[in-house]
Amino acid sequence: MKKRNIIIISTVSIILLIIVAVFAFLNAGNVREKKNLEESKTISIKSGGIEIRKIDMEFIKSAGEKDFSAIMDTSDSEPQEHYYTGVPLKNALQKAGVDIGDYKMFSVKAIDGYVVAFNKEEIADDDNIYIVYKENGKDLGTKSSGGRGPYQVIVRKDQFSMRWCKYVVEIELSK
Ligand SMILES: Nc1nc2c(c(=O)[nH]1)N[C@H]1C(S)=C(S)[C@@H](COP(=O)(O)O)O[C@H]1N2
Ligand SMILES: [Mo]
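The structure reproduced in this document is the subject of the present report. (Residues numbered from 1 in each chain as written. Chains lettered and ligands numbered in written order. Predicted model: local features only at pLDDT ≥ 70, side-chain atom pairs only at ≥ 80, totals over all residues. Heavy atoms only, no water.)

Concerning the environment of D139
- By the element assignment, D139 lies in strand β8 (residues 138-139).
- With a relative accessible area of 48%, D139 lands in the partly exposed category.
- It is 9.0 Å that separates the C-alpha atoms of D139 and Y151, two residues lying 12 residues apart in sequence.
- The residues touching D139, leaving out its near neighbours within four places in the chain, are K41, Y133 and K134. (Helix = DSSP H or I, 4+ residues; strand = E, 2+ residues; numbered from the N terminus. Buried < 20%, exposed > 50% of the residue type's maximum accessible area, 1.4 Å probe, protein only. Contact = heavy atoms within 4.5 Å.)

Things to note about the nonpolar core
- L93 and I131 are the most contacted members of the largest nonpolar core, which totals 41 residues.
- Of the residues forming this core, the biggest block, 5 residues, is contributed by strand β7 (residues 129-135).
- Apart from residues no more than four positions distant in its own chain, L93 is found in contact with I45, V98, I100, F106, I123 and I171. (Core = buried A, V, L, I, M, F, W, Y, C linked by side-chain atoms within 4.5 Å.)

Digging into the pattern of salt bridges
- The full count for this structure, using the stated rule, is 13 salt bridges.
- One salt bridge in this structure joins K46 and E33, with 3.4 Å as the shortest N-O distance. With K46 in strand β1 (residues 42-47) and E33 in helix α1 (residues 3-39), the pair connects residues that are 13 residues apart, well separated along the chain.
- The class for K46 is buried, based on a relative accessible area of 12%.
- Residue R148 pairs with E135 through a salt bridge whose shortest N-O separation is 3.9 Å. With R148 in the loop between β8 and β9 (152-155) and E135 in strand β7, the pair connects residues that are 13 residues apart, well separated along the chain.
- Note on R148: relative accessible area 27%, which makes it partly exposed.
- One salt-bridge network, held together by shared partners, links E33, K46, K109, E170 and E172. (Salt bridge = Lys/Arg side-chain N within 4 Å of Asp/Glu carboxyl O.)

Dropping the structure here:
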C-alpha cells in the first residue's frame, strides 16, 4: 500500500475512534444523570435542553397531595382500579414557576427512554394528569427494584394507560 493511503486510513480511523469515544462519554454522563435523579427521587425540568429547575419529593408533595383511583388497562391485564397518591402535574409545574401558557408541549421522559408528550390543553385539564409516588399507600419503588417509580405520570382519561409514564425523571418544556 502507498504510504499516502496508509496515512489517510490511519487518520480516518483515529477520527472515527475519537467520535465513538466522545459519544460513549456523553451517553455515560446521561445514564449517570438519570440514575442520580432516580436515586434522589428528583425530576429535572428542562427547557431547550437546559435544566431550569429540579424538584424533589418534598417539593412535589407540597404542591397539594391527593388520593384518587384510576383504571389501568394494559395489553396483558384486564381493566383494574388502582389507588394512587400524587399531585396534579400542572400544580407541581406551576409551583416550580412554570407558566403553562408559555409552552406548547410538555414531554414527560422516563429512565428507560419512554417519552409521553402532552399539549398545554391536556396539562391544563382538571383532574386528569397526575404525578404520583404511591400506589395503595406504598412507594412506587424503582425500575431496578421491579417497581414503577419513583414517580409515575397517570392520565385518568387515557383508556388504555399507554400514555401513563413509569420511571419519570425529566419533563422537557417546548415553546
Ligand atoms: N417508562 C415507561 N412507561 C410506560 C411504558 C413503558 O414501556 N415505559 N409502557 C406503557 C404502557 S403501553 C402501559 S399499558 C402502561 C402499564 O404498563 P405495565 O403494566 O407494564 O406497568 O405503562 C405505560 N408506561
Ligand atoms: Mo399498553
